[in-house]
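# Examining the three-dimensional arrangement
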Amino acid sequence: MLSEDILFLPATELSRRIRQRQVSPVELTESYLERSQKIGARLNAYATLTPDLARKQARAAEKEISAGKYRGPLHGIPYAAKDLLAVKDYPTTWGARPYKDQRFDYDATVIKKLEDAGAVLVGKAAMIELAGGLGYRYASASASGPAKNPWNEAFWTCGSSSGSAAIVGAGLATFALGTETWGSILCPSGFVGLSGLRPTFGRVSRYGAMALAYSMDHIGPMCHSADDCDLVLKIISGYDPLDAGCLAQGARYAGAAVPAKPLRVGWMVNQWKEPSPEVNKNANAAREVLQKSNLLKVSNVSLPEGPWEIAAGVIVAVEGAAAFSELIQSGKVADLNDPLGRIGGYMNEAISASDHMTAERVRRILQKKMAELFTQVDVLVAPTLPVTASRLDANLDEALTFADPIGGIGNICGLPAISVPCGFDHLGLPTGIQFIGRPLDDAQVVQAARIFQAETDWHKRHPQLA
């Protein structure tokens, strides 16, 4: 098996080594599969491994590259996909026992795009049941069990993309696809010390993905660096007529570049009310790094005040109840792991049409207010979370009770965002900062993160796993 030093390399570096024949796609895939079999089960990281498919794709990649047919920078690169993305002939369980035998006879669009790019699928990542669409209180709200944080296995990875974070964080694949409706890419990336990108809403097709909230669901990459996020988004973005929510114009992502003039960075002073002292210390150190860059101009800004989280919560609840109406009305929600998930759908169905329409009007007001804020700055910044990872057995209603204005704002407005690591607490658990941009300004968000990572090495550190 290849060494950890190689298995934790970013996709950009592995791509270079594969093209120069220094690393074999077959050897790389076999090493990730062996590591996934040994460590993946321990971390509850996978819903399903796909070794036969991975070996077939790796052999094809190696043969093509040897013959001079190079498909691009993801050719021969192993990855994992969250288990709400359809993969033909393999289970797609949505993390929930009622769907344990569910299979589709087609691939999700993002899976097909990665296959066309020559990437190698090593497995389906474990996830919170139904991506948390009916609510949950415990990390154990998953048919695969609670995903353990590679930095300390007594702690959780966070969010519905919990398995995707465990896989990349433990070096079981080069990158993984996650999804976010409210924090499920940024939160696990923050808790596990990854670079995780939530693209502009509609930039990446959701065809073949489980629907939670039709107007807020995003698919994005979770990687070892902002450069890797940039690379993967180039491949998976683009218009798809099979997804009615996919942007017809501007969906294709061209990539980040050095800005012609310094990016105006707005440090959000009212995002977190009481961040932990260690999070605050690391965030202040990160701000100092940003302020020293000639490519950035940092100033304080405040988010607009309003019932944004409440409105976002109403929309997620109503759209989730619609998405899972058959499960709710059949009573099969009783088979979910989490006690809140078993009753949450019934509560969501009771939300009035009037409340839903009010929430949608609030969304329009908020979009205008955020457009005004982005006339002052290009990118917003704040700590990703006010705390480090919660314990596996924690009641999340108690452990993660803080308000999250930009989480609601970012998703209800479809804004692109990236979380990158910026340090550790006294337990060795990662902290992160997030960069947020206006719709379609994914490149500026990524570029700000790249500037930060060019001056730091937090993203190059990885846990030591026996």
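Residues numbered from 1 in each chain as written. Predicted model: local features only at pLDDT ≥ 70, side-chain atom pairs only at ≥ 80, totals over all residues. Heavy atoms only, no water.

### Quick look at the packing of aromatic side chains
Rule in force here: Two rings from Phe, Tyr or Trp (for Trp, the six-membered ring) form a pair when their centres sit within 6.5 Å of each other. Planes less than 30 degrees apart are called stacked, planes more than 60 degrees apart edge-to-face, and all others tilted. Three exposure classes are used, based on accessible area relative to the maximum for each residue type with a 1.4 Å probe and protein chains only: buried under 20%, partly exposed in between, and exposed over 50%. Secondary structure elements are defined from DSSP: runs of H or I of at least 4 residues count as helices, runs of E of at least 2 residues count as strands, and each element is numbered from the N terminus.
One pass over the structure, following the stated rule, counts eight aromatic pairs. Relative to Tyr99, the ring of Trp94 has its centre 4.7 Å away and its plane inclined at 45°; by these criteria the two rings are tilted. Given a relative accessible area of 17%, Tyr99 falls into the buried group. With a centroid separation of 5.9 Å and 65° between ring planes, the pair formed by Phe424 and Trp458 is classed as edge-to-face. With a gap of 34 residues between them, Phe424 in strand S12 (residues 417-424) and Trp458 in the segment after helix H16 (442-454) connect regions that are remote in the sequence. Taking the relative accessible area as the measure of exposure, Trp458 reaches 25% and is therefore partly exposed. Each residue in the set Phe104, Tyr106 and Tyr207 is aromatic and connected to the rest through ring pairs, giving one cluster.

### Thoughts on the pattern of salt bridges
Cut-off, in case you're wondering: Note on definitions: salt bridges are taken to be side-chain nitrogens of Lys or Arg within 4 Å of carboxyl oxygens of Asp or Glu.
In total, this model carries 22 salt bridges according to the counting rule given. With a shortest N-O distance of 2.8 Å, Lys124 and Asp83 are connected by a salt bridge. Linking Lys124 in strand S3 (residues 120-125) with Asp83 in the loop between strand S2 (78-82) and helix H5 (109-116), this pair joins segments that are 41 residues apart in sequence. Accessibility classification places Lys124 together with Asp83 in one group, the buried group. One network of salt bridges, with partners in common, ties together Glu13, Arg16 and Arg17.

### Overview of the nonpolar core
How we decide: We define a nonpolar core as any set of buried Ala, Val, Leu, Ile, Met, Phe, Trp, Tyr and Cys residues linked to one another through side-chain atoms lying within 4.5 Å. Contact definition: two residues touch when any of their heavy atoms are within 4.5 Å.
Core analysis: the largest hydrophobic core is formed by 143 residues, its most contacted members being Leu130, Met370, Leu380 and Phe435. Looking at this core element by element, the count peaks at eight residues for helix H10 (residues 308-323). Ignoring sequence-local partners within four residues, the contact set of Leu130 consists of Trp94, Ala96, Tyr99, Met210, Leu212, Phe324, Leu327 and Leu336.

### With respect to a nonpolar patch on the surface
Put simply, the test is: Patch membership needs two things, relative accessible area over 30% and no salt bridge, and members are linked within 9 Å if like-charged or within 5 Å if nonpolar (Val, Leu, Ile, Met, Phe, Trp, Tyr). To be clear on the numbers: accessible area is Shrake-Rupley with a 1.4 Å probe, and residue cover counts the displayed protein chains and nothing else.
Taken together, Ile343, Tyr346 and Met347 make up a surface patch of nonpolar side chains, about 300 Å² in accessible area. Counting through the fold element by element, Ile343 comes out in helix H12 (residues 339-349). In this structure Ile343 comes out as partly exposed when scored by relative accessible area, which is 44%.

### Remarks on the state of the cysteines
Put simply, the rule reads: By definition, disulfides here are pairs of cysteine sulfur atoms that lie within 2.5 Å.
Overall, the coordinates contain one disulfide when judged by the stated rule. There is a disulfide in this structure between Cys158 and Cys187, and the S-S distance comes to 1.6 Å. On the sign convention where negative means left-handed, the S-S torsion of about 95° between Cys158 and Cys187 marks this disulfide as right-handed. In this pair, Cys158 is assigned in the loop between strand S5 (152-156) and helix H6 (162-169) and Cys187 in helix H7 (residues 186-192), connecting sequence segments 29 residues apart. Here the two residues Cys158 and Cys187 agree in accessibility, since each one is buried. Free cysteine: Cys413, not disulfide-bonded; nearest cysteine sulfur from Cys246 at 19 Å. For Cys413, a relative accessible area of 10% corresponds to the buried category. Cys422 carries a free sulfur, and the closest cysteine sulfur to it, the one in Cys187, is 14 Å from it. Among the residues examined, Cys422 registers a relative accessible area of 4% and is labelled buried.

### Quick notes on the pairing of strand S9 (residues 263-268)
Consecutive residues of a regular strand have side chains that alternate between opposite faces of the sheet. Heads up, the rule is: The pairing criterion for strands is at least two bridges between them, as found by DSSP. Here a crossover is taken to be right-handed if, once the strands point away from the viewer, the path from the first strand over the helix to the second is traced clockwise.
Within S9, five of the six residues are buried, which leaves the element mostly enclosed by the surrounding structure. As paired elements, S9 and strand S10 (residues 296-301) share six bridges and run parallel to each other. Within S10, the position partnered with Gly266 by the bridge is Ser299. The handedness of the S9 to S10 crossover, carried by helix H9 (residues 277-292), is right-handed. Across three bridges, S9 lies against strand S11 (residues 379-383) in parallel orientation. Within the sheet, the bridge partner assigned to Gly266 lies in S11 and is Leu380.

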